[in-house]
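# Fold and geometry: a report
These are the residues of each chain, in order.
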Amino acid sequence: MLKEKRSGRSVRHVLAGVLLIVPVVAYLWVPSYAKASPRVAGFPFFYWWQLLWLVITVVLMGAAYFLVRNER
Amino acid sequence: MRSPELGIFAFFVLFVTVLGFLAARWRGGGELQTLDEWGLGGRRFGTAVTWFLLGGDLYTAYTFIAVPAAVFASGALGFWSIPYGAIAYPLLFVIGPRLWSVSQRHGYVTAADFVRGRFGSRLLGLAVAVTGILAIMPYIALQLVGMQSVLTVMGLSGTGFARDLPLLIAFALLAAYTYSSGLRAPALIAFVKDTLIYLVVLVAIFVLPAKLGGWEHIFGAAQSALAKPNPATGKPSGTLITGAASNWAYGTLALGSSLAIFIYPHAFTGIVSASRGETVRRNSVLIPAYSLILGLLALLGYLARADHSTASAVAQAKNPQLAVPLLFEHLLPHWFAGIAFAAIGVGALVPAAIMSIAAANLFTRNIYRAYLRPTAPDREETKVAKIVSLLVKAGALVFVLGFSQSLSINLQLLGGIWVVQTVPAIVLGVLTRWFHRWALLAGWAVGMVYGTLTAYHSSSPTQAHFASPTAPLPFSGPTVYIALTAFVLNMLVTVALTLVLKALRASTGSDETSPADYGRNAVQRQSGRSGDTT
């Protein structure tokens, strides 16, 4: 019983870790977004992609927060 | 001189001065006789206050001037501060609550306190403290530079004493209320600062592009302006998109800086003044909202490129730092430009206050108490910190008024490199005690020396030294952020020497912290006091 709870906890921890690493990888992989097209609303890809990822980062980190918070 | 702008600017500076003094009584300040009360606001700030405090800390007036200036001057490369934030916060998510918890448990006020306790080494604590103080001094000076650029655009550019007077007044007021209210003052003023900044950036980003023919046109104009050869170097000044050569610089600038973002003394102060570890973690999730604002603000650099009158005025002044103030001056109604300038002015006061408090805490705890007067009672400790906070600000003023701006900028560049060298002791120190204290000290020294020399020798056709935060990797390789190269060297030395010292069974010193001090459960037991009111 306790063991089961423990393993559920570590799965959530690993999952939260992955959620936190995703934005880091997305931003450090610079060549993946160092381009002008496709443009959105006049913005070159380079700019709207990085601004969009800020929003995605908040969502991913928010999810990680709830994953580790509910474990008590 | 523009009187409506100046009037609004003066109004806000006076308004936050009143707030600053009133802050002493905010949240049961009482007498402010301990460093916990004066220097950390009683460790009682909830999620919202911490959000404003950390935001006010990390996104400074200088940031608001320098980031668009970098985008104006060099294009895509100047945008690196956007990924920088996004990479830093996951790290804060993991480390922040642990650092908070152990600091709460042992009454640590500074990062150097933690390092001393963790590794049982007063000397390593001193190294961290000195690094922090050295790194933060030019940063405070740059807040003044940010304020100065706004004052210049408002027409306060007389000569000699008359030119410096407004800055002196603003800083004297700041020094007075920081002295009396401690960290509560910037925490309260940060609300005003952020409200103003958000208002200005959102209005600017929705109103101005239409005036300049829309985003498509703005990016086009910026691209052709950046492609023109710079008269000084004969090369294009930048590109709209990073290329194969600059991708490395872009990524490493973001990564290297993100390692240090929250161990800068002022950010550490923001973390440990929170009421709970949970508050810190919540903030790591919520703070990227600032990065979004910063991203929009960075794009104002391109608006300044696209607006002919602004671009030529900046070129004439030979100072890209005036890009945003001049853009506001040219394209916004005077009264609104006044609000924008007030936002930048107040945006300089908040971090300058927190930084001077952080420097004062470091000096008092890790130099004065650790070496000079180990038996100093709390009351004396607080008194010393208050006086040091005044000295630090006076020093920054002398810096800005007495030397050229570029000195502060160069030193801040160095400061960024230096702070990263304390990452192994602080950030990794939270996670593991495997490293040996002497190895950490040696690694730190190697990183400091390499980073300083490499930055010093970085030259360009226009600048003999400190031309760029990036340099080619030793031997051959891509151009990367110097701090990161220095950090890798630092780590190599630290790991190698740790292995050697362990083989030699050198004394590892005692660790006054225990694993439970870093954990969630320890936090819950500790945070019984009711402080988190937001």
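Residues numbered from 1 in each chain as written. Chains lettered and ligands numbered in written order. Predicted model: local features only at pLDDT ≥ 70, side-chain atom pairs only at ≥ 80, totals over all residues.

## Some thoughts on the overall build of chain B
Scanning chain B for helices and strands turns up 23 helices and 2 strands. Taking 2.2 N^0.38 as the reference for a compact globule, 534 residues should give roughly 24 Å; the C-alpha atoms of chain B span a radius of gyration of 23 Å, in line with that estimate. Structurally, chain B occupies a C-alpha span of about 65 × 55 × 40 Å along its principal axes. Across the 534 residues that make up chain B, the buried fraction comes to 60%. The contacts in chain B between residues at least 6 apart in sequence include a share of 82% that link residues at least 24 apart. (Helix = DSSP H or I, 4+ residues; strand = E, 2+ residues; numbered from the N terminus. Rg over C-alpha atoms; globule rule 2.2 N^0.38 Å. Buried ≥ 20, exposed ≤ 12 C-beta atoms within 10 Å, placed from the backbone. Contact = placed C-beta atoms within 7 Å.)

## Overview of the overall build of chain A
Secondary structure assignment for chain A yields 2 helices and 0 strands. Restricting to contacts in chain A with at least 6 residues of sequence separation, those with at least 24 account for 60%.

## A short note on the packing of helix H1 (residues 3-22) of chain B against helix H17 (residues 334-372) of chain B
Residues and elements named next belong to chain B. Two numbers describe how H1 lies on H17: the axes approach to 8 Å, and their chain directions differ by 35°. In this structure, the crossing between H1 and H17 has a hand that is right-handed. Touching Pro 4, Glu 5, Gly 7, Ile 8, Phe 9, Phe 12, Val 13 and Val 16 of H1 are His 334, Trp 335, Ala 337, Gly 338, Ile 339, Phe 341, Ala 342, Gly 345, Val 346 and Leu 349, all from H17. Class assignment of the residues belonging to the contact of H1 with H17 gives a composition of 13 nonpolar, 4 polar and 1 charged. (Axes fitted to C-alpha atoms, helices over the stretch in contact; angles between N-to-C directions. Left-handed = near helix turned anticlockwise from the far one by under 90°. Nonpolar A, V, L, I, M, F, W, Y, C, P; charged D, E, K, R; others polar.)

## Regarding the interface of chain B and chain A
Contacts between chain B and chain A engage 29 residues on the former and 25 residues on the latter. Put simply, the parts of the chain that give the side of chain B that touches chain A at least two residues each are helix H5 (81-106), helix H10 (214-227), helix H11 (247-260), helix H13 (277-286) and helix H14 (288-306) of chain B. Of all the elements, H5(B) adds the most residues to the side of chain B that touches chain A, at 7 residues.

## Observations regarding helix H7 (residues 122-153) of chain B
Residues and elements named next belong to chain B. Taking 1.5 Å as the rise per residue, H7 with 32 residues should run 46 Å; its terminal C-alpha atoms sit 47 Å apart, in good agreement. Within H7, 26 of the 32 residues are buried, leaving the element largely enclosed by the surrounding structure. In the segment just after H7, Gly 155 is the residue with positive phi, at about 100°. (Expected span 1.5 Å × (residues − 1).)

## Topic: the confidence of the model for chain B
Residue and element names in this part refer to chain B. The pLDDT averaged across chain B works out to 85; a share of 94% of its residues lies at or above 70. Across residues 521-534 the pLDDT falls below 50, and counting only partners more than four positions away or on other chains, this stretch makes 22 contacts in the model. The ipTM value of the predicted complex is 0.88, and its pTM value is 0.88. (pLDDT = per-residue confidence, 0-100.)

## As for unusual backbone geometry
For the bond from A:Ser37 to A:Pro38, the omega torsion is 0°, close enough to zero to count as cis. With respect to the helices, strands and loops of the structure, A:Pro38 is situated in the loop between helix H1 (2-28) and helix H2 (45-69). With phi around 55°, B:Lys318 is a residue other than glycine that occupies positive phi space. With respect to the element layout, B:Lys318 can be found in the loop between helix H15 (308-317) and helix H16 (323-331). With 8 C-beta atoms counted inside 10 Å, the residue B:Lys318 sits in the exposed group. For B:Arg505, which is not a glycine, the phi torsion comes out positive at approximately 55°. Turning to its location among the elements, B:Arg505 is positioned in the loop between helix H22 (482-503) and helix H23 (520-526). Classification of B:Arg505 by C-beta neighbours within 10 Å gives exposed; the count is 7.

## Examining the packing of H15(B) against H16(B)
All names here are of chain B. Between H15 and H16, the least distance of the axes is 9 Å, while the angle of their chain directions is 140°. As summarised for this structure, H15 and H16 are arranged oblique, according to the angle between their axes. In terms of crossing hand, the pair formed by H15 and H16 is right-handed. Contacts between H15 and H16 involve Ser 309, Thr 310, Ala 313 and Val 314 from the former and Ala 323, Leu 326, Leu 327 and His 330 from the latter. (Parallel < 35°, antiparallel > 145°, perpendicular 65-115°, else oblique.)

## Concerning the environment of B:Thr242
The topology assignment puts B:Thr242 in the loop between H10 and H11. In the structure, B:Thr242 is positioned 31 residues away from B:Ser273 in sequence and 39 Å away in space, judged by C-alpha atoms. Sequence-distant contacts of B:Thr242, that is, excluding residues within four places in its chain, are made with A:Val30, A:Ala34, B:Ala76, B:Leu77, B:Asn247 and B:Tyr250.

## Considerations on H16(B)
Residue and element names in this part refer to chain B. With 7 of 9 residues buried, H16 is to be regarded as a mostly interior element. If you check which residues of H16 are buried, you get Ala 323, Val 324, Pro 325, Leu 326, Leu 327, Phe 328 and Glu 329. In this fold, the buried residues of H16 make contact with helix H4 (61-74), H7, H14, H15 and H17.

## Topic: the nonpolar core
Residues and elements named next belong to chain B. Counting residues in each nonpolar core, the largest one holds 216 residues, and the members touching the most others are Ile 136, Ile 263, Tyr 264, Leu 303, Ala 304, Val 346 and Ala 359. Looking at which element gives the most residues to this core, the answer is H17, with 21 residues. Apart from the residues within four sequence positions on either side, Val 346 is in contact with Phe 12, Val 16, Ile 189, Val 192, Lys 193 and Leu 196. (Core = buried A, V, L, I, M, F, W, Y, C linked by C-beta atoms within 7 Å.)

## Focus on the environment of B:His266
Residues and elements named next belong to chain B. By secondary structure assignment, the location of His 266 is in helix H12 (residues 265-272). Considered as a pair, His 266 and Leu 58 are 208 residues apart in the sequence and their alpha carbons are 8.4 Å apart. For His 266, the contacting residues outside a window of four places in its chain are Asp 57, Ile 136, Pro 351, Ile 354, Met 355 and Ala 358.

## Topic: the environment of B:Leu294
Looking at the element boundaries, B:Leu294 is found in helix H14. With residues up to four places along the chain from it excluded, the contact list for B:Leu294 reads B:Tyr59, B:Thr63, B:Val67, B:Ser81, B:Ile82 and B:Gly85.

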